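Chain by chain, the residues run as shown.
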Amino acid sequence: MSVNYWNKKVETADREELLRQQLEDLKITVARALKTPFYKKRLHQVGLESAAEITSLDDFYRIPFTTKNDLRDAFPYGMLAVPVDEVVRLHASSGTTGIPTVIYHTRPDIEVWAELAARSMAATGMTSKDVFQNMMTYGLFTGGLGLHYGAEKLGSLVIPASSGNTRRQFQLMKDFKTTSVHATPSYMHHLFNKLQSEGISRRELSLKKALVGAEPHTEDVRKKIETLFKIDVYNSYGLSEMNGPGVAFECVYKQGMHVWEDSYLMELIDPDSLEPLEDGAEGELVFTTLKREATPLLRYRTRDLTRVLDKPCECGRVHRRIARIKGRTDDMLIINGVNVFPSQIEEVVMKLPESGTNYQIVVEKAGALDQLTVKIEVNETVFSDDARDLNALRRKIGDYLKASITISPVVELHEHGILPEFEGKAQRVFDRR
Ligand code: AMP
Ligand code: ZN
């Protein structure tokens, strides 16, 4: 199998040298973190006054974990380590409440991210000859812009198609002979179904590979997409707190995803005891940024469950791999690649004067894509109203929900007493995918 390096020196570095560099960068990162109000307080609480006190990883592990809630509490600038005028971009992801998780980037931060993205894509065999159609959403979500700059750096022809509008996606694929795409695995399935219903043969396309990510999927799902399109499919993992796509990526061997350890210090912990786990055990991923200027994050709990694969990869990269993400340790739902916390939906529902106290969140497959249905019990008076009022209310709730979670749910209104009541812990979320 031919192996394509983007930055051979870093990708195949001596492991000892990589670890030594990690410690150096860790000290720089802690020094940067100490410039933020949040970490200054946090680190002083554990008696850490200066980055010079970090002489080993053990010193570093005295620092408590950082969580999504910490990011929310520090909103908007409590974790910013540089003056605002040095920031050139921000991205945001959903939090458990209306307050988003915001990550800021300086120009060098964007440059490092583009390098990691280029390196990731090159690991799948992509080159400047590729025509890369990016079908991930462009915007606050990192999926679109994240790989966009990496692919440009690689020299590929980038088509910033963004998500949706399947017919136009096909047109672009045919017109420009797209060779590689980036999408969620469910969108790839959807694309195939549409291809068939539009009577287009996959032979009319020039597609060779798909980079898929943003949502959990199994090896069977990968194989299915590969068989349907007769292409290679590579798993791409990232989270906006660690930039976005380009944190961990599969190489041509497709045996787990290499975590770029020159940019991320990886730990795996038991999500209950918070104790470190050996390579091979299943646990929660924890990352520390090693190169980031604007938003350094120390020991960030991703909530993602996986295993660290300790055996060296045949591709010769020294960066350790992780297995497919198995799930999450919190209640975050990923719906067509978009993160949704049930609490965000509850917040909207409970603010409505028309709603009672009972509601349900149902996620199921509608064709290849995910569909979210929010069932809400509403006051009696609503049902005595005109059907037109009922429809208007449904639309209004749909709009409020869309404004909060960015996706449009199906809204069902029910009379009081229709949804099941619970005496103990209520079960309101039904994930039937
Ligand atoms: P966001 O911050 O919006 O980019 O969402 C990041 C989250 O999406 C991660 O913490 C994971 O839970 C999920 N995710 C991203 N990529 C993958 C992947 N390849 N497999 C499984 N889950 C993923
Ligand atoms: Zn490899």
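Heads up: the structure comes first, above all this text.
Here the structure is a predicted model, which is why all the values come from computation and not from measurement.

Asker: Please provide a residue-by-residue account of the overall build of the chain, values included.
Answerer: A count of helical and extended segments in the chain gives 13 helices and 20 strands. The globule rule puts the C-alpha radius of gyration for 433 residues at 22 Å, and the 23 Å found for the chain is close to it. Principal axes of the C-alpha set define a box for the chain whose edges measure 70 × 60 × 45 Å. In the chain, buried positions account for 54% of the 433 residues.

Asker: Quick one: what's the story with the coordination of the zinc ion (ligand 2), residue by residue and with numbers?
Answerer: The protein atoms that coordinate the zinc ion (ligand 2) are Cys251 (SG), His258 (NE2), Cys313 (SG) and Cys315 (SG), at distances of 2.1 to 2.3 Å. Taken together, the 4 donor atoms surrounding the zinc ion (ligand 2) define angles of 100 to 118° at the centre, an arrangement classified as tetrahedral. Of note, the donors binding the zinc ion (ligand 2) are all from one chain and are spaced C-x6-H-x54-C-x1-C. In this pair, histidine 258 is assigned in strand S9 (residues 257–259) and cysteine 313 in the loop between strand S12 (300–309) and strand S13 (321–322), connecting sequence segments 55 residues apart. Like histidine 258, the residue cysteine 313 is buried in the burial classification.

Asker: Tell me what's going on with the site of ligand 1, and back it up with residues and numbers.
Answerer: What surrounds ligand 1 is a group of 19 residues, the closest being Asn235, Ser236, Ser240, Asp304 and Asn339. The backbone of alanine 214 places a nitrogen or oxygen atom 3.1 Å from a nitrogen atom of ligand 1. Interatomic distance of 3.1 Å between a side-chain N/O atom of arginine 328 and an oxygen atom of ligand 1. Contact with the protein chains hides 94% of the accessible area of ligand 1, taken as 490 Å² for the molecule alone.

Asker: Account for the packing of helix H8 (residues 166–175) against helix H9 (residues 185–197), naming residues and giving values.
Answerer: Running from N to C, H8 and H9 point in directions that differ by 80°, and their axes come no closer than 10 Å. Taken together, the axis directions place H8 and H9 in an arrangement best described as roughly perpendicular. Contact residues: H8 offers Thr166, Gln169 and Phe170, while H9 offers Tyr187, His190, Leu191, Lys194 and Leu195. Classifying every residue of the contact of H8 with H9 by side-chain character gives 4 nonpolar, 3 polar and 1 charged.

Asker: Pulling in residues and values, what's your account of the pattern of salt bridges?
Answerer: Summed over all chains, the structure comprises 31 salt bridges. Between arginine 317 and glutamate 11 there is a salt bridge; the shortest N-O distance is 2.7 Å. On the criterion of sequence distance, the pair formed by arginine 317 in the loop between S12 and S13 and glutamate 11 in helix H1 (residues 8–11) is long-range, its members being 306 residues apart. The pair formed by arginine 317 and glutamate 11 is uniform in burial state, with each residue classed as buried. A salt bridge links arginine 119 to glutamate 115, with the nearest nitrogen and oxygen atoms 3.2 Å apart. With arginine 119 and glutamate 115 both in helix H6 (residues 107–123) and 4 residues apart, the pair spans about one turn of that helix. Of the two residues, arginine 119 and glutamate 115, neither departs from the other in class, the shared state being buried. Residues participating in the shared-partner salt-bridge network are Glu219, Arg222, Lys223, Glu250 and Arg324.

Asker: Summarise the nonpolar core; cite the residues concerned and give the values.
Answerer: Counting residues in hydrophobic clusters, the biggest one holds 39 residues, and the most contacted among them are Val30, Tyr237, Phe287 and Ile322. Broken down by secondary-structure element, the contributors of at least two residues to this core are helix H2 (15–33), helix H3 (37–45), strand S8 (245–250), S9, strand S10 (264–269), strand S11 (282–289) and S12. Excluding residues that lie within four positions of it along the chain, tyrosine 237 makes contacts with Gly244, Pro245, Gly246, Val247, Ala248, Met257, Leu285, Phe287, Thr302, Asp304, Ile322 and Ile325. One finds Ile361, Leu372, Val382 and Leu401 within the second-largest nonpolar core, a separate group that totals 23 residues.

Asker: So, the pairing of S12: which residues are in play, and what are the values?
Answerer: Judged by how many residues are buried, S12 sits mostly within the fold: 8 of 10 residues are covered. Where S11 and S12 come together, 5 bridges link them in antiparallel fashion. Within the sheet, the bridge partner assigned to valine 286 lies in S12 and is arginine 301. Sheet analysis places S12 next to strand S14 (residues 327–328), joined by 2 bridges and oriented antiparallel. Considered in S14, the bridge of leucine 305 is made with glycine 327.

Asker: Kindly report on the environment of glycine 327, identifying the contributing residues and their values.
Answerer: Along the chain, glycine 327 turns up in strand S14. Sequence separation of glycine 327 and lysine 396 is 69 residues, and the distance between their C-alpha atoms is 33 Å. Dropping the residues within four chain positions of it, glycine 327 is found in contact with Arg303, Asp304 and Leu305.

Asker: Please set out the environment of serine 186 residue by residue, giving values where relevant.
Answerer: Mapped onto the fold, serine 186 is located in helix H9. For serine 186, a relative accessible area of 3% corresponds to the buried category. In sequence terms serine 186 and arginine 307 are 121 residues apart; their C-alpha atoms lie 24 Å from each other. Other than its neighbours up to four places away in sequence, serine 186 contacts Glu215, Asn336, Lys365, Ala368, Leu369 and Asp370. For serine 186, the side chain forms a polar contact with the side chain of glutamate 215, separated by 2.3 Å.

Asker: Can you break down the packing of aromatic side chains residue by residue, with the values?
Answerer: Applying the stated criterion across every chain, the model contains 5 aromatic pairs. Taking the centre distance of 5.5 Å and the plane angle of 40° together, the rings of tyrosine 77 and tyrosine 104 count as tilted. Of this pair, tyrosine 77 sits in the loop between helix H5 (68–73) and strand S1 (87–93) while tyrosine 104 is found in strand S2 (residues 101–106), placing the two residues 27 residues apart along the sequence. When the centroid spacing of 5.3 Å and the interplanar angle of 80° are considered together, the rings of phenylalanine 192 and phenylalanine 229 count as edge-to-face. Separated by 37 residues along the polypeptide, phenylalanine 192 in helix H9 and phenylalanine 229 in helix H10 (residues 219–229) bring together distant segments of the chain. Judged on exposure class, the residue phenylalanine 192 and its partner phenylalanine 229 are both buried. Its end group placed over the ring of tryptophan 260, arginine 119 keeps NZ or CZ at 4.8 Å from the ring centre. Stacked on the ring of tyrosine 234, the Lys or Arg lysine 254 has its end atom at 5.5 Å from the ring centre.

Definitions and limits used
Residues numbered from 1 in each chain as written. Chains lettered and ligands numbered in written order. Predicted model: local features only at pLDDT ≥ 70, side-chain atom pairs only at ≥ 80, totals over all residues. Heavy atoms only, no water. Helix = DSSP H or I, 4+ residues; strand = E, 2+ residues; numbered from the N terminus. Rg over C-alpha atoms; globule rule 2.2 N^0.38 Å. Buried < 20%, exposed > 50% of the residue type's maximum accessible area, 1.4 Å probe, protein only. Donors = N, O, S within 2.8 Å, 3.2 Å for Na, K, Ca; no water. Tetrahedral: all angles 85-135°; square planar, octahedral: opposite > 155°, others 65-115°. Near = heavy atom within 4 Å. Polar contact = N/O pair within 3.5 Å; in protein donor to acceptor, adjacent residues only side chain to side chain. Areas by Shrake-Rupley, 256 points an atom, 1.4 Å probe, with all protein chains shown as cover. Axes fitted to C-alpha atoms, helices over the stretch in contact; angles between N-to-C directions. Parallel < 35°, antiparallel > 145°, perpendicular 65-115°, else oblique. Contact = heavy atoms within 4.5 Å. Nonpolar A, V, L, I, M, F, W, Y, C, P; charged D, E, K, R; others polar. Salt bridge = Lys/Arg side-chain N within 4 Å of Asp/Glu carboxyl O. Core = buried A, V, L, I, M, F, W, Y, C linked by side-chain atoms within 4.5 Å. Pairing = 2+ DSSP bridges. Phe/Tyr/Trp six-rings, centres within 6.5 Å; stacked < 30°, edge-to-face > 60°. Lys NZ or Arg CZ within 6 Å of the ring centre and 35° of its normal.

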